[in-house]
Amino acid sequence: MRAHADAAVDLAAARLDAAQTSATAVVAGEDWPDLSLDQAYAVQREILERRVERGERQVGLKLGFTSEAKMRQMGVDELIVGRLTDAMLVRPDEVLDLSTLVHPRVEPEIAFLIGADVDLTQPDADLASAVVGVCAAMEVIDSRYEGFRFDLPRVVADNTSAAGFALGHWIDPDRVDLADLQVILTLDDGERRVGSTSAILGHPLRTLERLAILARRWDLQLPAGSVVLAGAATEAVPLTAGRTTVEVSTLGDVRIVAEESDR
Ligand code: OOG
Ligand code: MG
């Protein structure tokens with residue numbers, strides 16, 4: 001395979017990629033490389049390249065830790081960005097097989113559809129004006145680290161725990177004010193989390209300003225047609241078999257059906 005200039009980046013990428021494909025957590029013990037944030041984003045890029053070599057295609061970006069609830073839950077206090085591929089999209093008619101995941105959690109999100117190429121190298125790049133759709137979304141996160149325990153570089157290296165996402169129906173962004181919409185996450189057993197879109201940086205559109213800065217710093221592209229996940233409005237909840245729903249008032253809803261197969 002490709003040899004990266006940095007052995008620590010290679011090692012972390014190989015172990016995290018194997019953890020994802022085998023649904024077995026990495027035990028990041030003393031042999032785990034101490035990664036800088038730069039190296040962590042290099043690991044993330046390397047993992048994406050491996051996935052592309054296996055036939056996947058990048059379809060967008062996701063933000064993490066855009067709400068207090070998430071930062072508190074995971075003990076991290078900086079925004080992060082990860083990559084979404086087509087293989088992570090859970091379509092409405094699809095059943096998500098929980099045995100392909102380590103210890104999945106689900107969280108309610110808002111998604112944006114970017115309708116034009118924006119040159120993110122420009123300091124005044126305006127992503128918000130390129131948004132052509134917005135919808136209720138759900139993210140399935142699945143840390144590849146044992147116990148869902150990590151620090152900032154580790155979770156960045158692990159592609160921000162990205163594992164799956166589902167999208168509701170796209171709505172014209174001019175038809176809805178995202179400022180303070182109620183968000184309800186409901187699991188099959190009735191477990192619920194209720195929050196508001198205002199938990200996402202005060203207003204979900206603000207995530208796009210932060211994303212432009214992160215994209216510039218880490219050299220990320222967002223071509224026309226890309227999806228952006230703005231980050232969870234509530235803490236994440238373990239994903240269980242059955243039907244999980246996210247409802248966002250005015251915007252609509254989205255569901256995932258999951259089952260445990262005996263693999
Ligand atoms: C990292 C991913 C965070 C969000 O929406 O805040 C994230 C994690 O919590 O494992 O996706
Ligand atoms: Mg998320």
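Colleague: Explanation requested: the packing of helix 1 (residues 7-22) against helix 2 (residues 37-53) in the structure shown.
Modeller: Two quantities define a packed helix pair, namely the angle between the axes and the distance from one axis to the other. As a packed pair, helix 1 and helix 2 sit with axes 9 Å apart at the nearest point and diverge in direction by 50°. One finds that helix 1 runs oblique with respect to helix 2. The hand of the helix 1/helix 2 crossing is right-handed. On the side of helix 1, the interface is formed by Ala8, Val9, Asp10, Ala12, Ala13, Ala14, Leu16, Asp17 and Gln20, while helix 2 contributes Gln39, Ala42, Val43, Glu46, Ile47, Arg50 and Arg51. Looking at the contact of helix 1 with helix 2, its residues break down into nine nonpolar, two polar and five charged.

Colleague: Can you walk me through the site of ligand 1 in this structure?
Modeller: Neighbouring ligand 1 are 17 residues, the closest being Lys62, Phe65, Lys70, Glu107 and Ser161. One nitrogen or oxygen atom from the main chain of Ala232 is found 2.9 Å from an oxygen atom belonging to ligand 1. Here ligand 1 has 320 Å² of accessible area as a free molecule, and 100% of this is covered by the chains. For the shell around ligand 1, the elements supplying multiple residues, two or more each, are strand 1 (58-64), helix 3 (68-74), strand 4 (105-114) and strand 5 (131-141). Ranked by residues supplied to the shell around ligand 1, first place goes to strand 1 with three residues.

Rules of the game
Residues numbered from 1 in each chain as written. Chains lettered and ligands numbered in written order. Predicted model: local features only at pLDDT ≥ 70, side-chain atom pairs only at ≥ 80, totals over all residues. Heavy atoms only, no water. Axes fitted to C-alpha atoms, helices over the stretch in contact; angles between N-to-C directions. Helix = DSSP H or I, 4+ residues; strand = E, 2+ residues; numbered from the N terminus. Parallel < 35°, antiparallel > 145°, perpendicular 65-115°, else oblique. Left-handed = near helix turned anticlockwise from the far one by under 90°. Contact = heavy atoms within 4.5 Å. Nonpolar A, V, L, I, M, F, W, Y, C, P; charged D, E, K, R; others polar. Near = heavy atom within 4 Å. Polar contact = N/O pair within 3.5 Å; in protein donor to acceptor, adjacent residues only side chain to side chain. Areas by Shrake-Rupley, 256 points an atom, 1.4 Å probe, with all protein chains shown as cover.

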